[in-house]
Amino acid sequence: MTEDVELLDDLLRLCAAAGAEPEVHHTPPEARGGWERAPMVLVGDDADPRCRGVARRQGVMLVGRDQDAPDVWRQGVEIGAEYVLRLPDAESWLVDQIANAAEGVGRPALTVGVIGGRGGAGASTLACALAVAAARSGRRTMLIDGDPLGGGIDVLLGGERAEGMRWPDFAHSKGRVGGCALEESLPALHGLRVLSWGRDDWVVVPPPAMAAVLAAARRLGGVVVVDLPRRVDESVAEALAQLDLGLLVVPGELRAVAAAKRVASMAGMVLGDLRVMARGPYAAGLDERWVAQALGLPLAGELPLEPGLLAAQDGGTPPGGSARSPLARFCTAFWERALAGGVAGGALS
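Residues numbered from 1 in each chain as written. Predicted model: local features only at pLDDT ≥ 70, side-chain atom pairs only at ≥ 80, totals over all residues. Heavy atoms only, no water.

(A) Spatial organisation of the overall build of the protein. Looking only at helices and strands, the protein has 15 helices and 11 strands in total. With respect to the three principal axes, the spread of C-alpha positions in the protein is 80 × 40 × 35 Å. Split into buried and exposed, the 349 residues of the protein put 50% on the buried side. Partitioning the intrachain contacts of the protein with sequence separation of at least 6 by distance along the chain shows that 69% fall at a separation of at least 24. With the model as given, the accessible surface of the protein reaches about 16600 Å², and the carbon-plus-sulfur share is 51%. (Helix = DSSP H or I, 4+ residues; strand = E, 2+ residues; numbered from the N terminus. Buried < 20%, exposed > 50% of the residue type's maximum accessible area, 1.4 Å probe, protein only. Contact = heavy atoms within 4.5 Å. Areas by Shrake-Rupley, 256 points an atom, 1.4 Å probe, with all protein chains shown as cover.)

So this is what it looks like as C-alpha cells:
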C-alpha cells in the first residue's frame, strides 16, 4: 500500500523475484476482511497516516527508501508493524519473507541425509528405500542426489529417462528458489519427486545453489532425503548444515569401520546429529552395537538383509518398492519413529 511510485516499483520487483502476485492499494482495502486476509501487508512510509486506526494484525511491515527518515519507528508502532524496513538494504531479507508468505510456509520437512561409511556400503540403496517408503505412506517426499560421482539415484528408481529438470538446470541458481516451482519441475517417480544428476554434461554445483535448492525443498514440508558422498566439500557442507539427521551406513567389517571413522570425522564438523546404520553380515566378534561403539556414535538401527534386492531392481522394483520386503518394513518403522519425535534421541530402528 503506497502512492510512492519509486517505492512501488521496488516492491513490485521484489514480489516478482519472490514469485508472488501482489494487490496494490492506496488506502486500506474497503472490502470487508481484505486487510485481515492478506498473508502479508507492506505499507509504504508515505501511507502510514492512512493506516492509523485499522485493525492490528501480524505480518505488517513498514517499508521506505529514505535511510534517514525521521520518526519512522514511531510510525511503525502507530500501525502495529512487526518490522520497519529500509530499501535497498533489506531487499534480500524481504524477498525471502514475501516468498514465505506466498508459499504458506509451515513446518519444514524432516530432512535426513544418508552417507556411506565406505564405497559400496549401500547408502544410495537406503536413501532410495527411505524415500519410497515415505511416499508410500502419503507423505510429501523429495529425494535429492547429492553425489555427482554416484551412479545416479534416478537409475535406482528406474527413471533415468523421466522428463524433468536435473542438477545442471539449478547449478547457476542464485538467491531464493521457489519450493513449489522446484517440486513441479522435477521428475515424479513412485509418488515422490527426484533431483538427480544429468547424464551428458559434468557440472559443479556451487555452495549457494546447493543451499538454495535444499532450503526450497525443506520449505515444502513432509520429508526430504539426501544421498550424500563420502567426501565433504563446500557444497556438501551446505547440504549437511540443513540436515536434521545423518545416517552413516557402515558394513560390519573392520576396514569399513576404519574408513567410516574418517567420514564421520569430516561430516561431524558440520552435522550435529550423525548416527550409525549398521549393515551385516558381520565379521567374527562384531555386531551392530560394536560398530556404533567403535565409531563413538549413536546407533540408528541395523539394516535387514534382503537377498533378492538386486533381482528386484533388475525387474523394475526400486529398493523398498515392495511394501512387504524387509527393507521396506524397516524404512516404514524408521519414519514412524522419526516423525513421532525419535530424532531427538535414542535408536530409530
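(B) Just the UniProt feature "domain: CobQ/CobB/MinD/ParA nucleotide binding" (unreviewed entry) in the protein, in detail. Following the UniProt record, the feature "domain: CobQ/CobB/MinD/ParA nucleotide binding" (unreviewed entry) maps to residues 114-148 here. The distance from the first to the last C-alpha atom of residues 114-148 is 14 Å, and the span holds 40% helix and 23% strand. (UniProt positions renumbered as here; feature names shortened; annotations may be inferred.)

(C) Structural detail: unusual backbone geometry. Following Leu87, the chain continues to Pro88 via a peptide bond in cis, the omega torsion being 10°. Backbone geometry places His190, a non-glycine residue, at a positive phi of 55°. Inspection of the secondary structure puts His190 in the loop between β6 (188-189) and β7 (192-195).

(D) Main features of helix α5 (residues 91-103). Look at α5: 18 Å from first C-alpha to last across 13 residues, which is about the 18 Å you get at 1.5 Å a residue. Among the residues of α5, Glu91, Leu94, Val95, Ile98 and Ala99 are the ones counted as buried. Seen along its axis, α5 keeps its buried residues to an arc of 135°; they face one direction. Positive backbone phi, at 65°, marks Gly104, one or two positions downstream of α5. (Expected span 1.5 Å × (residues − 1). Arc of directions from axis to C-beta.)

(E) Examining the side chain of Thr111 more closely. Take Thr111: it is sitting in strand β4 (residues 110-116). Taking relative accessible area as the criterion, Thr111 reaches 0% and is therefore assigned buried. A polar contact is formed between the side chain of Thr111 and the backbone oxygen of Ala109, at a distance of 3.2 Å. (Polar contact = N/O pair within 3.5 Å; in protein donor to acceptor, adjacent residues only side chain to side chain.)

(F) Representation of the nonpolar core in the model. Counting 44 residues, the largest nonpolar core has Ile144, Trp167, Leu182 and Leu248 as its most contacted members. Among the elements that make up this core, the one with the highest residue count is helix α10 (residues 207-219) (seven residues). Residues Leu130, Ala131, Phe330 and Ala338 belong to the second largest nonpolar core, which totals 37 residues. (Core = buried A, V, L, I, M, F, W, Y, C linked by side-chain atoms within 4.5 Å.)

(G) Up close: helix α11 (residues 234-241). Every buried residue belonging to α11 is among Ser235, Val236, Ala237, Ala239 and Leu240, and all of these are buried. Buried-residue contacts for α11 involve β4, α10, β8 (223-228) and α12 (254-267). The N-terminus of α11 is capped by Asp233, whose side-chain oxygen sits 3.2 Å from the backbone nitrogen of Ser235.

(H) Geometry of the sheet that holds strand β9 (residues 245-251). Taken together, the eight strands give an open sheet; going across it, the order is β6-β7-β5-β8-β4-β9-β10-β11, and neighbouring strands pair in mixed fashion. A strand with exactly one partner marks an edge of an open sheet, and here the two such strands are β6 and β11 (299-303). Inspection of the sheet shows strand β5 (residues 141-145) paired to β8 by five bridges, in the parallel sense. Bridge assignment links Ile144 to a residue of β8, and that residue is Val226. (Pairing = 2+ DSSP bridges.)

(I) Local environment of a nonpolar patch on the surface. A cluster of nonpolar side chains, Leu149, Trp202 and Val204, forms an exposed patch at the surface whose accessible area comes to about 390 Å². Looking at Trp202, the relative accessible area reads 58%, which means it is exposed. (Patch = residues over 30% accessible without salt bridge, like charges linked within 9 Å, V, L, I, M, F, W, Y side chains within 5 Å. Salt bridge = Lys/Arg side-chain N within 4 Å of Asp/Glu carboxyl O.)

(J) Seen up close, the state of the cysteines. Going through the model one piece at a time under the given rule, you end up with zero disulfides. Looking at Cys15, it has no disulfide partner, and the nearest cysteine sulfur is the one in Cys51, 16 Å off. (Disulfide = S-S within 2.5 Å.)

(K) The arrangement of the pattern of salt bridges in detail. Applying the stated criterion across every chain, the model contains 17 salt bridges. A salt bridge links Arg65 to Asp10, with the shortest nitrogen-to-oxygen separation between them at 2.8 Å. Residue Arg65 is located in the loop between β2 (60-64) and α4 (72-78), and its partner Asp10 is located in helix α1 (residues 5-18); the two are separated by 55 residues in the primary sequence. Looking at Arg65, the relative accessible area reads 37%, which means it is partly exposed.

(L) Structural detail: the environment of Ala278. If you trace the backbone, Ala278 turns up in strand β10 (residues 274-279). Sequence spacing of Ala278 and Leu299 is 21 residues, and the spatial spacing of their C-alpha atoms is 7.7 Å. Residues in contact with Ala278, not counting those within four places in the same chain, are Val250, Glu288, Leu299, Gly301, Glu302 and Leu303.

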